[in-house]
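Residues per chain, in single letters:
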Amino acid sequence: MTLRSRLLIAVLAVLATAAIAGVVVAQTQRRFLVDQIDRQLEAAVAPSKRLHDGGYDGPGGPGGNANGGGGNGTYGDRPAPPAPGLSDVYVGYLDSAGGQETLSDPELWSGAHPGVTVEDCEGRTTQQASEPFTVTRAGGSGSDFRVVALPSDDGDGWLLVGLPLGRVDAAVNQLLAVGGVGVAVLAAVLGLVAIWVVRLGLRPIGHMTEAADAIARGELDRRVDPAPARTEAGRLGHAFNLMLDERQAAEDRLRQFVADASHELRTPLTSIRGYVDLYRAGGLRAPGELDDALRRVRQEANRMAVLVDDLLLLARLDQGRAPDRVPVDLSALLEDAAANGLAAAPTRQVDAQVAPGLALVGDESQLRQVVAALVDNALVHTPSGARVVVRGRRDGDVCVIEVQDDGPGMEPEVAERVFERFYRADKARARVRGGSGLGLAIVRSIVEAHGGRVAVVSSPRRGSTFRVAIPTTPPPARASEPEHSLSARI
């Protein structure tokens, strides 16, 4: 069953419940009003009997009053209730032959008296009391009557006391009319709400279902039609589209990664295969050619081994494996990195400006790899006269590492993508400078695995500064969930 069908059933159930409740209220009100009529009849029995006996000077007799002046005020052995006015009470006499005589204002009740029969009175009355019963109006048209029938003293007829139910019927009909209008208004409101829910809620969900089915069939570019952003369906549709965009971007990155890795591996493999083919063809016969070929093959194999090791390290870091948690003397580590950079490039100026006693908890080998990669990146991508400075300081509970150079700097679009895997500013992918393009990507993954952040500040002709912020005690979080509070310190 669809959500739309369930909504329709719910609306119909609410309307049916409201209608039933209205009918129940109307019937309850009718019973209440009829009970009031019965109490009025009970109060009118005594004066009606006195009127029948000729001892009540009420509205039907001369010189009487409405409160039962005249008569003894009793009915049988019981005290009679206070006598009401009899102007709206029918008092009549029914003989055993079925003849009916009106005793109270014959002109008022002419043609409008209750149609009581002998069968109605027999079995319903006793000498002392009678249960009120309902009869139709004489002639069959108009409102019904509520009647009490008491046997006369001679036992040859019945005294009839009745009140019309016209006001009761009018009140109940008015209540039913108001209830009907209320149900109609409720139906209109529920219909509008249902249309609103279908249009803003169910219809977008249906569109999302269709889009999901289309995507499952291979239409990867399919997206959900936009819905109002203020609704839950709109936010869900936006999140659905965002999820699809992220998935598409991840697949694009994966395809690009595979293509880049294949390109990086294809070059050394091509070189190795070329030297092997050259050897098999007998082209390495001159003295020293074979040794030179083997040296080059080994270089390419080492290059592939480094690339594979970097890929494996990135894979482990992407899995969220927590680094080792041991105390690390960061001051000594930064000084060693500067010394190693100077040893690798003796003609360059590599300085260390490190605060003493700088320490944190982390994986020492990975942190050495981070600083070494940043120093090597600065040496490779700057001219021989550029200065490289390694700095280390503490900022509260965070250790800040900076590697600054006086090189040519980077364009903003290059600095924005410099930490991407296999990214090179050199579109021709030349190997005059730089490696496989994984060094800075590994730096970012290691830093984030330690709960830190890495950023670069660079502009053309003003050099570059790579800044790393790592908490002294990394939190036990996944590498993909670094501390966002560090972003303000980078």
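Residues numbered from 1 in each chain as written. Predicted model: local features only at pLDDT ≥ 70, side-chain atom pairs only at ≥ 80, totals over all residues. Heavy atoms only, no water.

Colleague: Help me out: how do you make sense of the sheet that holds strand E13 (residues 453–458) in this one?
Modeller: Remark on secondary structure: sheet strands pair via backbone hydrogen bonds, oriented parallel or antiparallel. Read from one edge to the other, the open sheet built from five strands follows the order E9-E11-E12-E14-E13, with strand pairing classed as mixed. At either end of the open sheet lies a strand with only one pairing partner, and these are strand E9 (349–354) and E13. When strand polarity is set aside, the average angle formed by the axes of neighbouring strands in this sheet is 15 degrees. Together, E9, strand E11 (387–395) and strand E12 (398–405) form the strand contacts of helix H6 (residues 330–344), whose direction differs from that of E9 by roughly 175 degrees. The sheet contacts of helix H7 (residues 364–380) involve E9, E11, E12 and strand E14 (464–471), and relative to E12 the element is tilted by about 20 degrees. (Pairing = 2+ DSSP bridges. Helix = DSSP H or I, 4+ residues; strand = E, 2+ residues; numbered from the N terminus. Axes fitted to C-alpha atoms, helices over the stretch in contact; angles between N-to-C directions. Contact = heavy atoms within 4.5 Å.)

Colleague: Could you clarify how one ought to interpret the pattern of salt bridges in this entry?
Modeller: Where charged atoms from two side chains of opposite charge come close, those side chains can pair. Counted under the stated rule, the structure contains 15 salt bridges. Note that Arg296 and Asp292 form a salt bridge whose closest N and O atoms lie 3.0 Å from each other. Of this pair, Arg296 and Asp292 both sit in helix H5 (residues 289–318), four residues apart, roughly one helical turn. For Asp292, a relative accessible area of 30% translates into the label partly exposed. Note that Arg417 and Glu420 form a salt bridge whose closest N and O atoms lie 3.1 Å from each other. (Salt bridge = Lys/Arg side-chain N within 4 Å of Asp/Glu carboxyl O. Buried < 20%, exposed > 50% of the residue type's maximum accessible area, 1.4 Å probe, protein only.)

Colleague: What's the story with the sheet that holds strand E6 (residues 145–151) in this structure? I'm lost.
Modeller: The strand order across the open sheet built from five strands is E4-E3-E7-E6-E5, with neighbouring strands paired in antiparallel fashion. In this open sheet, the two edge strands, each paired with only one partner strand, are strand E4 (100–102) and strand E5 (133–135). The average undirected angle you get between the axes of adjacent strands in this sheet is 35 degrees. Looking at chain direction, E5 and E6 are connected through three bridges and run antiparallel. Following the sheet pairing, Val135 is matched in E6 by Phe145.

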